[in-house]
Amino acid sequence: MSSAETPTPRGPVDSSRVPRYAGPATYARLPRLDEVGGKTDVAVVGVPFDTGVSYRPGARFGGNAIREASRLLRPYNPAQDASPFALAQVADAGDIAANPFNINEAVETIEAAADDLLGTGARMMTLGGDHTIALPLLRSVAKKHGPVALLHFDAHLDTWDTYFGAEYTHGTPFRRAVEEGILDTEALSHVGTRGPLYGKQDLTDDEKMGFGIVTSADVYRRGADEVADQLRQRIGDRPLYISIDIDCLDPAHAPGTGTPEAGGMTSRELLEILRGLSSCNLVSADVVEVAPAYDHAEITAVAASHTAYELTTIMSRQIAASREGTTA
Ligand SMILES: N=C(N)NCCCC(=O)O
Ligand SMILES: [Zn+2]
Ligand SMILES: [Zn+2]
């Protein structure tokens, strides 16, 4: 579609007319999907599901906490020199209703809902929920794009096998994804990894699956720019999925999460790495594991809302560039 035929995206509620704190929260005060005719370039969608957690529960409330904390986001992103909600239509698609008492059924429901959204041509910016939800999201993305590159920000590997016999949990999505052949094993990276493991074998298994690791300490020592350069080279122009467990951040920057680990990245480091990936072909992304019951002063939810903002900006830039036939 040429730019002349592209309708002007409907943006957020104008905060010079309606105070930011008024009205029900959508992500960044964007229109709901039904307010833009059921079709959007980027769909922000909540998945209030946390039956897959191994420690503190509560991430089922993460999506709405992120929406509340996103009221203060403004329309121009200077760090990426872009107005994400003007370059492309971004809308809040509401929540996927998943069965909290049956993980297998929930995983199927999430995959089917993602199929529907991606089938409309939208990219997904998903707000979790616990990390279990990354598996059905990746399945759906891979149906559309084939095996995708994965950039996984997390304190944890999430490539463990089972918990209490359960295959679908927040500690296992990426092992399942590798087993299912839905990831491009030439381009898999964890970023922000740290903390105690069950044994050294965890790392051996993870490496065999094809993952490279940039630890939290590596980010501190080498700096965000160098890390982003390295990741960009590994990813190239492959279709990319970014999954961000908010516990990649230090508990000082993200206390509101279920399995906190000391010694994490700062929110500045995370945002800077993402900005360094603005030219990547980001097909969809998630931000998961925000558990507001353990949060204070919306520290975690604000960090997550800004994280989703950078991800949305990358997608909007891509969409606008491909519409114009240029590169982002
Ligand atoms: N995905 C998150 N947040 N945590 C996974 C931790 C699993 C474990 O403690 O074995
Ligand atoms: Zn984690
Ligand atoms: Zn995780």
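Note that the structure is predicted; figures quoted are calculated from it, not measured.

Overview of the pairing of strand β7 (residues 240-245)
Thinking step 1. A large share of β7 lies buried, amounting to six of its six residues.
Thinking step 2. Every second residue of β7 is oriented toward a common face, with Leu240, Ile242 and Ile244 on one face and Tyr241, Ser243 and Asp245 on the other, all of them buried.
Thinking step 3. Relative to β7, strand β4 (residues 148-153) is paired through five bridges, and the arrangement is parallel. Residue pairing in the sheet places phenylalanine 153 in a bridge with isoleucine 244 of β7.
Thinking step 4. As judged from the six bridges shared by β7 and strand β8 (residues 282-288), these two strands associate in the parallel manner. Note that in β8 the partner of isoleucine 242 across the bridge is alanine 285.

Section: the pattern of salt bridges
Thinking step 1. In this structure the tally under the stated criterion is 20 salt bridges.
Thinking step 2. For arginine 222, the salt bridge is made with glutamate 226, and the minimal N-O distance between the two is 3.2 Å.
Thinking step 3. Using a relative accessible area of 31% as the deciding quantity, one classes arginine 222 as partly exposed.
Thinking step 4. With relative accessibility at 44%, the residue glutamate 226 sits in the partly exposed group.
Thinking step 5. Taken together, the shared-partner salt bridges in this structure form one network comprising Glu111, Asp115, Arg139, Lys143 and Glu180.

About the thresholds
- Residues numbered from 1 in each chain as written.
- Chains lettered and ligands numbered in written order.
- Predicted model: local features only at pLDDT ≥ 70, side-chain atom pairs only at ≥ 80, totals over all residues.
- Heavy atoms only, no water.
- Buried < 20%, exposed > 50% of the residue type's maximum accessible area, 1.4 Å probe, protein only.
- Helix = DSSP H or I, 4+ residues; strand = E, 2+ residues; numbered from the N terminus.
- Pairing = 2+ DSSP bridges.
- Salt bridge = Lys/Arg side-chain N within 4 Å of Asp/Glu carboxyl O.

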